[in-house]
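Analysis of the macromolecular model
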Amino acid sequence: MKNIYSGKMNLNEWTLFFLEFIVSDDLNEELVESLLRHLADLGVLLPCDGNVWEWCDSEVELKGLVAKVKKDLELLCESESGFALAYFIGYKELNKKPLDGKAASNDSKNITRKRSEFFSNKPASDLSNLQIVKKTGKQLQPFLQLEESIVSRLTGKQASKQDAQKLFHYMFGKVGAKAEPRVWEQLSRKRHR
């Protein structure tokens, strides 16, 4: 069965349209709906009567609609507000902006904090649960800060925080492979004798 699309459709029809013509093959309907809400916040998908949404006042046939949506999305990808769209587009390979935009400014703060921790008078080995929790928290802190900054940029009037988190986790999965695991090595015990 061939789907019939127009410039004005409900959210389910827009989801099917995006799945068929625009987004990558590994996206599901739920994630596409979150992306559509984000596009509504960007001002290209406009709410009309009830559950009907319109793509920028477009009254064109299917080929024209596909071309207009692709052109508008490519223009949005170049803007600051559309930084996330390149991660979702599947019809063309676009330049993906790195997700670590704000992480570079915190480097100098981290260096001074690490120096002060190094010279503090705390015992060297305390294997309490509190120390383990603090260490894990410090290791996860850059990821949590990155998530918070990206989610706040993706959240809007239509896109909820849950939508933004879904989009972020998909984008983060597309950034690249995880770091290689380190080989375990025994530290010398001679210094403890």
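Higher on the page you've got the structure.
This section reports on the structure supplied with the text. All figures in this text were calculated on a predicted structure; none of them were measured in a lab. (Residues numbered from 1 in each chain as written. Predicted model: local features only at pLDDT ≥ 70, side-chain atom pairs only at ≥ 80, totals over all residues. Heavy atoms only, no water.)

Some points on the pattern of salt bridges
Where charged atoms of side chains with opposite charge meet at close range, the side chains can pair. In plain terms, the rule: Think of a salt bridge as a Lys or Arg side-chain nitrogen and an Asp or Glu carboxyl oxygen that are within 4 Å of each other. Helix numbers and strand numbers start at the N terminus; a helix is a DSSP run of H or I with at least 4 residues, a strand a run of E with at least 2. We call a residue buried when its accessible area falls under 20% of the maximum for its residue type, exposed when it is over 50%, and partly exposed in between, using a 1.4 Å probe and counting protein chains only.
Enumeration according to the criterion identifies eight salt bridges in this entry. Of the charged contacts, one joins Lys174 and Asp26 as a salt bridge, the two residues approaching to 2.9 Å between their closest N and O atoms. A residue pair is termed long-range when its members are at least 10 positions apart, and Lys174 in helix H6 (residues 161–175) and Asp26 in the loop between helix H1 (11–21) and helix H2 (29–42) qualify at 148 residues. Close ionic contact of Glu33 with Arg37 constitutes a salt bridge, the shortest N to O distance being 3.8 Å. Separated by four residues within a single helix, Glu33 and Arg37 lie in helix H2, roughly one turn from each other. What makes Arg37 partly exposed here is its relative accessible area of 23%.

Structural notes on empty space enclosed by the protein
Threshold: The pocket and cavity definitions rest on a 1 Å grid over protein atoms only: a 1.4 Å probe that fits but cannot leave marks a cavity, an open set with protein on both sides within 12 Å along at least five of seven lines marks a pocket, and residues lining either have an atom within 4 Å of a point. Grid points are joined across faces, edges and corners, and a volume is the space filled by probe spheres set on the points. Ten residues, namely Ala, Val, Leu, Ile, Met, Phe, Trp, Tyr, Cys and Pro, are considered nonpolar, four, namely Asp, Glu, Lys and Arg, are considered charged, and the remaining ones, Gly among them, are considered polar.
The final tally for this structure, using the stated rule, is one cavity of 30 Å³ or more. Residue lining of the largest cavity: Phe18, Ile22, Val23, Leu35, Leu39, Leu73, Leu85, Phe88 and Ile89, and that is the complete set. The residue inventory of the lining of the largest cavity, partitioned by class, reads nine nonpolar, no polar and no charged.

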